Amino acid sequence: MENKEKKPGRVQKFLSGLTRLLRTITSRISKLFDRIIYNDKLSLIASLVMALLICLSINYQDLSFRLFNKDAVTLNLAAIPVEVLVDENTYEVSGLPTTADITVEGDAADIQLVRTQNSASVTADLRSLGEGTNTVSLDAAGLPTGLNVRVNPSTVQVTLAKKYTKTFFITPDLIVGTGQSINAYNKPTLSSRSVTVRATRDKLNAIRAIRAIVDTSGNEGGFVAEVPLVAYDSQGKQVNVTISPSTVTATVTLVNSSSSTTSALSQEASEKESERKASEASLEAAGSQDSETTGQ
């Protein structure tokens, strides 16, 4: 019996034709590529085209906005305060600018809305960061959607330093006004002898005194006043820290004051101190409620 040769099927014919076609296309592309590479003018044109394509792909969003928004208006918002989202009781932040600039592009109606509302803000969210130096973004908020928004600077480097607590004794610092003599007054009596200070370790180590600033200006005779507390370093410069409480009640008496006057001032000081503590308790309660609301 004779063996008959099998004729190629349709699939084999198709694959064979496709292979020849691909070889032809590859050969022509290879020849074209060689012509471009080895021809100075064609290689220069090809380089320019590739550079243009890369530029378009990188700036596509900005270019498309400009091309399709021919009537776009630009508005510059300068010195917008930067809102910091951070646990201020735990960390002290340094390196963050107090303001940033916003550039807004869009149609005239939206830009007018931005001007009218005046609600643009810049936020730096540091709540997920820990102690150390970090790069964070400044984000714009309070603006209508559909605008092209840029913040300058867009990113910043900030340092978070952990805060610690230390107790310091208070020293009264009596300041007399014009025409008054410091020798006419007794040493002021303060409602508290010590306070707690919360700050970074370096700042706590720099503190040399916590002073209660008692100013006699505008007072004749003895008086009672709520006075501020200020931290000072060894050079007499103020140290920016959190002092709790931030004020105390001071009782100032004259050297020649009668016992009845001194007693009356002491009573007044007790009442003022009670009012101060009640006010602080009210503020703390309001702050706790705000924190719970924000957390929800």
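Chemist: Can you tell me about the overall build of the protein chain, naming the residues and giving the values?
Modeler: Scanning the protein chain for helices and strands turns up six helices and 14 strands. Out of the 296 residues in the protein chain, the part that is buried amounts to 26%. For the protein chain, restricting intrachain contacts to residue pairs at least 6 apart in sequence, the fraction spanning at least 24 positions comes to 67%. When the accessible surface of the protein chain is split by element, carbon and sulfur atoms take 52% of a total near 20600 Å².

Chemist: Describe the side chain of T253, listing the residues and the values that go with them.
Modeler: Positionally, T253 belongs in the loop between β14 (247-252) and α6 (259-295). Sequence-distant contacts of T253, defined by excluding residues within four places in its chain, comprise A184, Y185, N186, G222, T262 and L265.

Chemist: Hey, could you go over the sheet that holds strand β7 (residues 148-152) for me, with residue numbers and the actual values?
Modeler: Across the sheet, five strands lie side by side as β6-β4-β1-β3-β7; this open sheet has mixed pairing. Because the sheet does not close on itself, it has two edges, and the strands there are β6 (139-141) and β7. The sheet shows a mean angle of 35° between the axes of neighbouring strands, direction not considered. Examined bridge by bridge, strand β1 (residues 73-85) and strand β4 (residues 121-125) share four bridges and lie parallel to one another. Residue pairing across strands places V84 opposite A124, the latter belonging to β4. Here helix α4 (residues 108-117) sits on the sheet and contacts β1 and β3 (99-106); the angle it forms with β1, its principal contact strand, is near 40°.

Chemist: Can you break down a nonpolar patch on the surface residue by residue, with the values?
Modeler: Nonpolar side chains collect at one region of the surface, where V11, F14, L15, L18, L21, L22, I25 and I29 lie side by side and expose about 780 Å² of accessible area between them. Under the relative-accessibility criterion, L22 is labelled partly exposed at 47%.

Chemist: Describe the pattern of salt bridges, listing the residues and the values that go with them.
Modeler: Pairing between side chains becomes possible if they bear opposite charge and their charged atoms approach one another. For the coordinates displayed, the defined rule picks out three salt bridges. K203 is the salt-bridge partner of E92, the closest N and O atoms lying 3.2 Å from each other. Residue E92 is found in strand β2 (residues 91-94), and its partner K203 is found in helix α5 (residues 201-206); the two are separated by 111 residues along the sequence. According to the relative accessible area criterion, E92 is partly exposed, its value standing at 21%.

Chemist: Lay out the packing of aromatic side chains in plain terms, naming residues and giving numbers.
Modeler: Taken as a whole and judged by the stated rule, the model has zero aromatic pairs. Across the ring face of Y164, the terminal group of R201 is positioned such that the distance to the ring centre comes to 4.0 Å.

Chemist: With reference to specific residues and values, describe the confidence of the model for the protein chain.
Modeler: On average, residues of the protein chain score 84 in pLDDT, and 82% of them reach the 70 mark or higher. The secondary structure element of the protein chain with the lowest average pLDDT is helix α3 (residues 60-68), at 53, and the one with the highest is strand β11 (residues 209-215), at 97.

Definitions and cut-offs
Residues numbered from 1 in each chain as written. Predicted model: local features only at pLDDT ≥ 70, side-chain atom pairs only at ≥ 80, totals over all residues. Heavy atoms only, no water. Helix = DSSP H or I, 4+ residues; strand = E, 2+ residues; numbered from the N terminus. Buried < 20%, exposed > 50% of the residue type's maximum accessible area, 1.4 Å probe, protein only. Contact = heavy atoms within 4.5 Å. Areas by Shrake-Rupley, 256 points an atom, 1.4 Å probe, with all protein chains shown as cover. Pairing = 2+ DSSP bridges. Axes fitted to C-alpha atoms, helices over the stretch in contact; angles between N-to-C directions. Patch = residues over 30% accessible without salt bridge, like charges linked within 9 Å, V, L, I, M, F, W, Y side chains within 5 Å. Salt bridge = Lys/Arg side-chain N within 4 Å of Asp/Glu carboxyl O. Phe/Tyr/Trp six-rings, centres within 6.5 Å; stacked < 30°, edge-to-face > 60°. Lys NZ or Arg CZ within 6 Å of the ring centre and 35° of its normal. pLDDT = per-residue confidence, 0-100.

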